[in-house]
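# Structural description and commentary
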Amino acid sequence: MMSREQELEEFKKLDLCQYAASRGFVLDRRQSSRSSAVLKHSNGDKLIVAKNRNGQFMYFNAKGNDNGTIIDFVQSRERCSLGEVRKLLRPWLNGTASPPPASQALPIDLQPSEHDAAQVLGRWLQAKPIGQTHPYLETVRHISRAVLKHPIFEDRIRIDDRGNALFPHYSQAGLCGFETKNTGWTGFSPGGIKGLACSRPRSADREMVICETFIDLLSYATIRGIDGKRLFSTAGQISPLQAECLRSAVLNMPAGSRVVLALDNDDGGKALAEQIRDALTPTGCDIIEDFPQQPGADWNDVLRHSVLPQDRVPGLS
């Protein structure tokens, strides 16, 4: 017979997606991924559910203030004690629960995640598209409005309730984190891990441009243009996961493409260039470098010291 503590730990491994479906939540296929499920309720709640590497299901309510395991989910909705939660969940643990027919075949099997996929996606969904402008990106960073509103950056830039610009990172499993940037502030999403931030792909792309940050990516697009370019940000030195993502991105480029390392002209940028070259050697891709001319400069330094019209139409330079 399980102890109380063992039982509670087993509850946390119950499929929270299935349980939520039995309580009226419906899967949003469009926003869900292999590592996180989005479920909506008619009362306005929006749950983001993920599974950690220990097999425990975690959730984040993007429209409320509750989050945690299935135990927290039950307590927040049933307003009951822990003892009552145990009584409610035991049938699910021993297989005697009888959920409504509509919830029995919820079509999702979440893959375990190394990061807090529920919190990352929840925070991202709480943020809003930047709209027609973003004062920090345009006024402080001098990013062209035409670049910010270009279709390849659709939903690749959001703004949170503090006015921070957010730039999403993706791995093979989907959204895994986001860069955050504002005046005097640079960060990465709590609970997230770095994958690759990227523009939306087009069949005519022939250059895979790799930058150190999303600000540099946008700056490079403003200076060099957008036509034929598929732009990426690593948010600094790369991890083994990012190296794998870069190799996958190269293999997904059209035939005859090349890689452009548009990194900072400093020791860090040159070290990153070496890391990326090592990571991409197995692909046999053509790699060139495009560093800023001024030693120590990044591409936003170049942009802020350039004279470019803010309504410039992105294209080839």
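Look up: the structure comes first, before these words.
Residues numbered from 1 in each chain as written. Predicted model: local features only at pLDDT ≥ 70, side-chain atom pairs only at ≥ 80, totals over all residues. Heavy atoms only, no water.

### So, the pattern of salt bridges
The line we're drawing: The term salt bridge refers to a pairing of a side-chain nitrogen on Lys or Arg with a carboxyl oxygen on Asp or Glu at a separation within 4 Å. Runs of E in the DSSP output that reach at least two residues are strands. Runs of H or I that reach at least four are helices, and both are numbered from the N terminus. A simple rule labels every residue: compare its accessible area, found with a 1.4 Å probe on the protein chains alone, to the largest value its type can have, and call it buried under 20%, exposed over 50%, or partly exposed in between.
Tallied over the full model, the rule gives 16 salt bridges. The partner of Glu7 in a salt bridge is Arg86, and the shortest N-O contact between them spans 2.8 Å. Residue Glu7 is located in helix H1 (residues 4-11), and its partner Arg86 is located in helix H4 (residues 82-94); the two are separated by 79 residues in the primary sequence. Judged by relative accessible area, Glu7 falls into the buried class, the value being 8%. Relative accessible area serves as the criterion here: at 17%, Arg86 is assigned to the buried category. For Arg158, the salt bridge identified is with Asp155, shortest N-O distance 2.7 Å. Judged by its relative accessible area of 11%, Arg158 falls in the buried class. When its relative accessible area of 31% is taken as the criterion, Asp155 is described as partly exposed. Members of the salt-bridge network, linked through shared partners, are Glu7, Arg86 and Arg90.

### Overview of the packing of helix H9 (residues 240-251) against helix H10 (residues 267-280)
For any two helices packed against each other, the geometry is given by the interaxial angle and the distance between the axes. Applied cut-off: Only the stretch in contact is used when a helix axis is fitted, and all axes are lines through C-alpha atoms; the angle between N-to-C directions ranges over 0 to 180 degrees. Oblique is the label for any angle not under 35 degrees, not over 145, and not in the 65 to 115 range, which are roughly parallel, roughly antiparallel and roughly perpendicular in turn. Take the far helix as the reference: if the near one is turned anticlockwise from it by less than a right angle, the crossing is left-handed, and if turned clockwise, right-handed. Pairs of residues are marked as contacts when any of their non-hydrogen atoms sit within 4.5 Å. Under the grouping applied here, Gly and all other residues not named as nonpolar or charged are polar, the nonpolar ones being Ala, Val, Leu, Ile, Met, Phe, Trp, Tyr, Cys and Pro and the charged ones Asp, Glu, Lys and Arg.
Look at H9 against H10: their axes get within 9 Å of each other, and the N-to-C directions meet at 60 degrees. Relative to H10, H9 is oriented oblique. Seen along the crossing, H9 lies across H10 with a hand that is right-handed. Residues Ala243, Leu246, Arg247 and Val250 of H9 form the contact with H10, whose own contacting residues are Ile276, Ala279 and Leu280. Among the residues making up the contact of H9 with H10, the classes are represented as 6 nonpolar, no polar and 1 charged.

### Here's the deal with the sheet that holds strand S3 (residues 46-51)
What counts is decided by this rule: Strand pairing is assigned whenever DSSP identifies at least 2 bridges connecting the two strands.
The strand order across the open sheet formed by 5 strands is S1-S2-S3-S4-S5, and the pairing between neighbours is antiparallel. On the outer flanks of this sheet lie strand S1 (26-27) and strand S5 (67-68), each paired with one strand and no other. Each of S3, strand S4 (57-61) and S5 is contacted by helix H3 (residues 70-78), which is oriented at about 40 degrees to S4, the strand it contacts most.

### With respect to the pairing of strand S12 (residues 207-211)
For a regular strand, side chains alternate in direction, first toward one face of the sheet and then toward the other. Basically, it comes down to this: Orienting the strands away from the viewer, one traces the path from the first strand over the helix to the second; a clockwise path indicates a right-handed crossover.
Within S12, 5 of the 5 residues are buried, which leaves it mostly tucked inside the rest of the structure. Burial along S12 is two-sided: Glu207, Val209 and Cys211 and Met208 and Ile210, pointing in opposite directions, are all buried. When S12 meets strand S13 (residues 229-233), the two strands line up parallel, connected through 5 bridges. Counterpart to Cys211 in the pairing with S13 is Ser233. Assessed by its sense of winding, the connection that carries the chain from S12 through helix H8 (residues 214-224) to S13 is right-handed. The pairing of S12 with strand S14 (residues 258-261) spans 4 bridges and is parallel. Residue pairing for S14: Glu207 is matched across the bridge by Arg258.

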